[in-house]
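A closer look at the structure
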Amino acid sequence: MKDDKLIGKGSALQIIYYLMAVDGEICKAEEEMFDSIGNEMLEELSWCSFDEVKPEILEACKEQLDKVIDQDEYYDVIREGVEACFEKEEEQYYSDSEGIKGSMLMWNLMAASFCDGGYTNDERRLIKMVGRKLNLDKALFLELENSAKAIYALDKEEVWLKTTDRPYKTIEDMISEISNRRAVIMQSVKELMED
């Protein structure tokens, strides 16, 4: 794996927000995912909380999104916002508590892209661009993407199982198996990011 550099948490959160907005709307599931990622990312900082920095992050992103003149340039404006985050990051050095690893940002982007029930071409394009900016290995990108797709498929299967009229014990056993498979995938993702 290529060098897994750190990126500032504020910039990482802006990039995640831009990804959520790339399909033209941010749904409730994406908002909840953003809050969850933000709270987890900033929980170890003593000098600020996610609730304190969230308004500033949203304002910066919305200011960029307001630059859209015509809908056909929407992706370009989002890409410019992401690129500005990386420009701001040049020559910055972070401690482990101030920054997150590029691979973790990539995983958070994958999670955010699948949480609304889909993975659009524009989301994938933006995530690939972020991967290039982070200088992440292509194999790592594909592993994380396949893991996210597998977890998404397991989530869909679990939702479907809960709507079937199979015997409770059968459903319970199948859901337990899905949980085990999900845990194995998450463990492999964790190991990938620790390499």
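My aim in this report is to walk through the structure given alongside it, one point at a time.

For the largest pocket, the calculated volume is near 650 Å³. Around the largest pocket, the lining is made up of 23 residues, and of these E40, I100, M104, N108 and M193 lie nearest the centre. Elements that contribute at least two residues to the lining of the largest pocket include exactly helix 2 (28-42), strand 2 (99-101), helix 5 (102-114) and helix 8 (168-194). For the lining of the largest pocket, the residue count by class is 11 nonpolar, 4 polar and 8 charged.

So, on to the packing of aromatic side chains. Inspection of every chain in the model, using the stated rule, returns 4 aromatic pairs. Look at Y17 and F34: their rings are 5.6 Å apart centre to centre, the planes differ by 70 degrees, and that puts the pair in the edge-to-face class. Placement of the pair is Y17 in helix 1 (residues 9-21) and F34 in helix 2, with a sequence separation of 17 residues. On the basis of relative accessibility, which here comes to 9%, the residue Y17 falls in the buried class. Considering the side-chain rings of F114 and Y119, the 4.6 Å spacing of their centres and the 25 degrees angle between planes classify their relative orientation as stacked. Note on accessibility: F114 and Y119 belong to one class, buried. The ring of Y75 has R125 sitting right over it, with the charged end atom 3.8 Å from the ring centre.

Another point: the nonpolar core. Across soluble globular proteins, nonpolar side chains show a tendency to be buried alongside one another. Ranked by internal contacts, the top residues of the largest apolar core, which has 57 residues, are L13, I15, I16, F34, L105, M106 and V130. Within the residue set of this core, elements represented by two or more residues are helix 1, helix 2, helix 3 (50-65), helix 4 (74-89), helix 5, helix 6 (121-133), helix 7 (138-163) and helix 8. For this core, the element with the highest residue contribution is helix 1, accounting for 9 residues. Among residues more than four places away in sequence, those in contact with F34 are L13, I16, Y17, M20, F50, K54, I57 and L58.

Structurally, E194 can be placed in helix 8. Expressed as a C-alpha distance, the spacing of E194 and M104, which sit 90 residues apart in the sequence, is 9.7 Å.

Rules and cut-offs
- Residue positions are given per chain, counted from 1 along the sequence in the order it is written.
- Predicted model: local features are reported for residues with pLDDT of at least 70 only, side-chain atom pairs are reported and counted for 80 or more only, and whole-chain, interface and lining totals are derived from all residues.
- Only hydrogens and water are set aside when side-chain values are computed; all heavy atoms of the structure are taken into account.
- Put plainly, a pocket is an open set of points on a 1 Å grid over the protein atoms alone with protein on both sides within 12 Å along at least five of seven lines, a cavity is a set where a 1.4 Å probe fits but cannot get out, and a lining residue has an atom within 4 Å of a point.
- Grid points are joined across faces, edges and corners, and a volume is the space filled by probe spheres set on the points.
- Only runs of H or I of at least four residues qualify as helices and only runs of E of at least two qualify as strands under DSSP, and these elements are numbered from the N terminus.
- Amino acid classes used here: Ala, Val, Leu, Ile, Met, Phe, Trp, Tyr, Cys and Pro are nonpolar; Asp, Glu, Lys and Arg are charged; the rest, including Gly, are polar.
- Each pair of aromatic rings taken from Phe, Tyr and Trp, with Trp reduced to its six-membered ring, is defined by centres within 6.5 Å and is described as stacked if the planes are under 30 degrees apart, edge-to-face if over 60, and tilted in the remaining cases.
- Throughout this description, buried means an accessible area under 20% of the type-specific maximum (1.4 Å probe, protein chains only), exposed means over 50%, and partly exposed covers the range between.
- Either the NZ atom of lysine or the CZ atom of arginine qualifies as a charge over a ring when it sits within 6 Å of the ring centre and within 35 degrees of the ring normal.
- Here, nonpolar core means buried Ala, Val, Leu, Ile, Met, Phe, Trp, Tyr and Cys residues that are tied together by side-chain atoms lying within 4.5 Å of each other.
- The contact criterion used throughout is that any non-hydrogen atoms of two residues lie within 4.5 Å.

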